[in-house]
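# What the coordinates show
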Amino acid sequence: MIRVVDLHKKFGRLHVLRGITTEVRQGEVVVIIGPSGSGKSTFLRCLNLLEKPTAGEVYIEGVRVTDPHVNLRAVREEVGMVFQRFNLFPHMTALENIALAPHKVRGLSREEAEARAYELLERVGLRDKAKSYPDELSGGQQQRVAIARALAMQPKVMLFDEPTSALDPEMIKEVLDVMKALAAEGMTMVVVTHEMGFAREVGDRVIFMDEGVIVEEGPPQELFARPQSERTRTFLSKIL
Amino acid sequence: MVLHWELIWRSLPLLLAGALMTVQLATIAVGLGIVIGTVAGMARLSQVKPVAILSRCYIDFIRGTPLLVQIFMVYMGLPQLTGVVIPPYYAAIIALSINSGAYVAEIVRAGIQSIDRGQTEAALSLGLSPSQVMRYVILPQAFRRIIPPLGNEFIAMLKDSSLVSAIALEELVRKGQIIITRTFRPFDIWLVVALLYLVMTILISRLVDWSERKLKVKPVEEREEEAARATAWEGGGFGPWLQMASLLRVRRPARERGEETT
Ligand SMILES: Nc1ncnc2c1ncn2[C@@H]1O[C@H](COP(=O)(O)OP(=O)(O)OP(=O)(O)O)[C@@H](O)[C@H]1O
Ligand SMILES: [Mg+2]
């Protein structure tokens, strides 16, 4: 599904990703953990080309997206992304937020796009908030709309960058529940999060990143119980 | 010092005609200025360097030279180059629009840059093209934010358009001059001219306040209430009149209007 080969990313002289090689299989849920500044967000953003990798290859469904002539839009249509700070469009209602891309990018009629948006709002439990603007929604509700917005493009993969870390504790569960349901339906997901409960419950694999490299990866039970590297152990002791 | 009321009364139709021309010039100039300025403002931010530099030159030239000189360049300079005489009215429109465009460009640029980067990223990640991102996500938000500075630009243009009196276009100032050469009552006439400008600028700042409030996203309940009211009045047709009436309402202090005052 996703294959990453020796991926590097530099910001000027700052070498943020220093050779990442990994794979994500169809339907797999991969959780990425690691200290602040280790390059987790940068890695995700290289997958949908919000950042241009400096070197290395990324393949999504066999398409080499690091090809300089690749159609950026076509890649992004297939890769949904959910941000830490939601990034809903404040001048549009929840419904309009969700229906925009299917209508303008996928070419659905306005009615079809809105019908799809209603369906997705139903799925994230916010049908009654269709006509609300983002600033009228709680953080948890905004993030659920943001998930619905990404899903409306019917992506093959969903990327989540710390989707719950801007939320008050009582709202984290409602967002995680939506993500768990999504995982149960077989969505391929790459999730940067520090919610270890989520990683244990739905993660197929955990990747520990530090200083731009993958230090260690494995099934959550194993990695949490018997971390192989000293760095992983130190990090886990801080957050578990 | 006694004002010559009779003279003022008799001059009023002429002066009002001049004021109308002033409003017309400013409206057309800022209208075209918004079109020019939106393009130039986006061009200024373009990744394509020559486009950005060209836009920058335009903006700097206009903002760095007197409007009066720009008006003369269009009215007298262009005919010398092209051999085509431009009537004062069109020369004024051209000069004022090009001038307004440069100021609007800076307003638009600031408006675009004030929108959070996350908006662009979210929109791109959904597969929208850069121009769709601009059109559906960035510009609608930017335009809401630039209404107040655009209002200021309109007020500035209303006053600055008086410079076209120098090419004998009969807007408010020129009308005043004409009346004074006939009557030798400069104080009375200039006072009335000044007051007419004042009335216009006050009305416009009200209009801006109102549209700013109108465009602000309202809570769901208020929108539903409004929709209900609108349907209740259907056929009655009072809506537009009440809206116009609300324009004239004195501005209440911000705190009373329930806005944040930080
Ligand atoms: N656009 C950019 N320009 C320059 N430096 C950047 C840019 N984006 C990220 N960086 C730097 O790259 C490094 C890795 O950042 P990144 O956001 O990927 O880390 P992270 O693992 O997601 O951290 P966090 O847990 O704090 O979100 C940081 O040192 C950051 O300052
Ligand atoms: Mg991050």
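Here's a quick rundown of the structure.

### Looking at the overall build of chain B
Along its length, chain B carries ten helices and zero strands. Mapped in sequence order, the helices and strands of chain B form the string α-α-α-α-α-α-α-α-α-α.

### What to know about a nonpolar patch on the surface
Residues and elements named next belong to chain B. Together, Ile-28, Leu-32, Ile-36, Tyr-90, Ile-94 and Ile-98 make up an exposed nonpolar region whose accessible area comes to about 460 Å². Where the nonpolar patch is concerned, the elements lending two or more residues are α1 (5-44) and α4 (88-113). As for its position among the elements, Tyr-90 is in helix α4.

### Things to note about α4 of chain B
Relative to the 38 Å expected for 26 residues at 1.5 Å per residue, α4 of chain B spans 37 Å between its end C-alpha atoms, a close match to the ideal helical length. Of all 26 residues in α4 of chain B, 19 are buried; the element is thus mostly enclosed.

### Focus: the site of ligand 1
Residues and elements named next belong to chain A. In the neighbourhood of ligand 1, the contacting residues comprise Phe-11, Leu-14, Val-16, Pro-35, Ser-36, Gly-37, Ser-38, Gly-39, Lys-40, Ser-41, Thr-42 and Glu-162. Taking Gly-37, its main chain carries an N or O atom lying 2.8 Å from an oxygen atom of ligand 1. The contact in question runs from an oxygen atom of ligand 1 to an N or O atom on the backbone of Ser-38, over 3.2 Å. When residues of the shell around ligand 1 are traced back to their parent elements, those giving at least two are β2 (14-24) and α1 (40-47). Looking at which element gives the most residues to the shell around ligand 1, the answer is α1, with three residues.

### Looking at the packing of α1 of chain B against helix α8 (residues 186-215) of chain B
All names here are of chain B. Running from amino to carboxyl end, α1 crosses α8 at an angle of 40°, the nearest separation of the two axes being 10 Å. The orientation of α1 relative to α8 falls into the category oblique. Here α1 and α8 pass one another in a crossing that is right-handed. Each of Leu-7, Ile-8, Ser-11, Leu-12, Leu-15, Leu-16, Ala-19, Thr-22 and Val-23 in α1 lies in contact with α8, whose residues at this interface are Asp-188, Ile-189, Val-192, Val-193, Leu-196, Tyr-197 and Met-200.

### Comments concerning the nonpolar core
If you look at the biggest cluster of nonpolar residues, it comprises 54 residues, and the most contacted ones within it are Ile-2 and Phe-43 of chain A. The element that contributes the greatest number of residues to this core is helix α6 (residues 130-160) of chain B, accounting for eight residues. For Phe-43 of chain A, the contacting residues outside a window of four places in its chain are Val-4, Leu-7, Leu-17, Ile-20, Thr-22, Ile-32 and Met-209 of chain A. The next biggest cluster of nonpolar side chains, apart from the first, holds 50 residues, and it includes Met-158, Met-196, Phe-208 and Leu-223 of chain A.

### Overview of the sheet that holds β2 of chain A
All names here are of chain A. Strand order in the open sheet formed by four strands is β2-β1-β4-β5, with antiparallel pairing between adjacent strands. What marks the edges here is a single partner per strand, and that holds for β2 and β5 (63-64). As paired elements, strand β1 (residues 2-11) and strand β4 (residues 55-60) share five bridges and run antiparallel to each other. Bridge assignment links Val-5 to a residue of β4, and that residue is Glu-57. On top of the sheet, α1 reaches β1, β2 and β4; it is set at about 120° to β1, its chief contact.

### Quick notes on the pattern of salt bridges
Where side chains of opposite charge bring their charged atoms close, a pairing between them can arise. Residue and element names in this part refer to chain A. Taken as a whole, this structure holds 28 salt bridges over all chains when the rule is applied. The salt bridge involving Glu-185 is made with Arg-123; its shortest N-O contact spans 2.7 Å. You can see Glu-185 sitting in the loop between α6 (169-184) and β8 (188-192) and its partner Arg-123 sitting in helix α4 (residues 110-123), a full 62 residues away along the chain. Classification of Glu-185 by relative accessible area gives exposed; the value is 54%. A relative accessible area of 46% places Arg-123 in the partly exposed class.

### With respect to the interface of chain A and chain B
Each partner contributes to the interface: chain A provides 27 residues, whereas chain B provides 23 residues. Taken together, the two surfaces of chain A and chain B that pack against each other cover about 2,100 Å², and 60% of this comes from carbon and sulfur. On the chain A side of the interface with chain B, the three residues burying the most area are Arg-73, Phe-89 and His-91 of chain A, jointly 25% of the side's total. The interface formed by chain A and chain B contains two salt bridges. Residue Arg-45 of chain A pairs with Glu-121 of chain B through a salt bridge whose shortest N-O separation is 2.9 Å. Linking chain A with chain B are eight residue pairs in polar contact (both at pLDDT 80 or more), by the criterion used here. At the level of secondary structure, the elements contributing two or more residues to the side of chain A that touches chain B comprise α2 (72-78), β6 (79-82), α3 (94-104) and α5 (139-151) of chain A.

### A short note on the packing of aromatic side chains
The final tally for this structure, using the stated rule, is two aromatic pairs over all chains. Centre to centre, the rings of Phe-208 of chain A and Phe-235 of chain A are 5.2 Å apart; their planes meet at 35°, and the pair counts as tilted. Taken together, the positions of Phe-208 of chain A in strand β9 (residues 205-210) and Phe-235 of chain A in helix α9 (residues 230-239) put the pair 27 residues apart, joining distant regions of the chain. For the pair Phe-208 of chain A and Phe-235 of chain A, a shared accessibility class is recorded, and that class is buried. Measuring from ring centre to ring centre gives 5.3 Å for Tyr-89 of chain B and Tyr-90 of chain B, while their planes differ by 80°; the resulting arrangement is edge-to-face.

### Regarding the packing of α4 of chain B against α6 of chain B
Residues and elements named next belong to chain B. In the contact formed by α4 and α6, the axes pass within 8 Å of each other and the chain directions differ by 130°. Between α4 and α6, the crossing angle belongs to the class labelled oblique. As α4 runs across α6, the sense of the crossing is right-handed. Residues Leu-96, Asn-99, Ser-100, Tyr-103, Val-104, Ile-107, Val-108, Gly-111 and Ile-112 of α4 pack against Met-134, Ile-138, Leu-139, Ala-142, Ile-146, Pro-149, Leu-150, Glu-153 and Met-157 of α6. When grouped by side-chain class, the residues that make up the contact of α4 with α6 number 14 nonpolar, three polar and one charged.

Procedures and definitions
Residues numbered from 1 in each chain as written. Chains lettered and ligands numbered in written order. Predicted model: local features only at pLDDT ≥ 70, side-chain atom pairs only at ≥ 80, totals over all residues. Heavy atoms only, no water. Helix = DSSP H or I, 4+ residues; strand = E, 2+ residues; numbered from the N terminus. Patch = residues over 30% accessible without salt bridge, like charges linked within 9 Å, V, L, I, M, F, W, Y side chains within 5 Å. Areas by Shrake-Rupley, 256 points an atom, 1.4 Å probe, with all protein chains shown as cover. Salt bridge = Lys/Arg side-chain N within 4 Å of Asp/Glu carboxyl O. Expected span 1.5 Å × (residues − 1). Buried < 20%, exposed > 50% of the residue type's maximum accessible area, 1.4 Å probe, protein only. Near = heavy atom within 4 Å. Polar contact = N/O pair within 3.5 Å; in protein donor to acceptor, adjacent residues only side chain to side chain. Axes fitted to C-alpha atoms, helices over the stretch in contact; angles between N-to-C directions. Parallel < 35°, antiparallel > 145°, perpendicular 65-115°, else oblique. Left-handed = near helix turned anticlockwise from the far one by under 90°. Contact = heavy atoms within 4.5 Å. Core = buried A, V, L, I, M, F, W, Y, C linked by side-chain atoms within 4.5 Å. Pairing = 2+ DSSP bridges. Buried area = accessible area lost by both parts, 1.4 Å probe. Phe/Tyr/Trp six-rings, centres within 6.5 Å; stacked < 30°, edge-to-face > 60°. Nonpolar A, V, L, I, M, F, W, Y, C, P; charged D, E, K, R; others polar.

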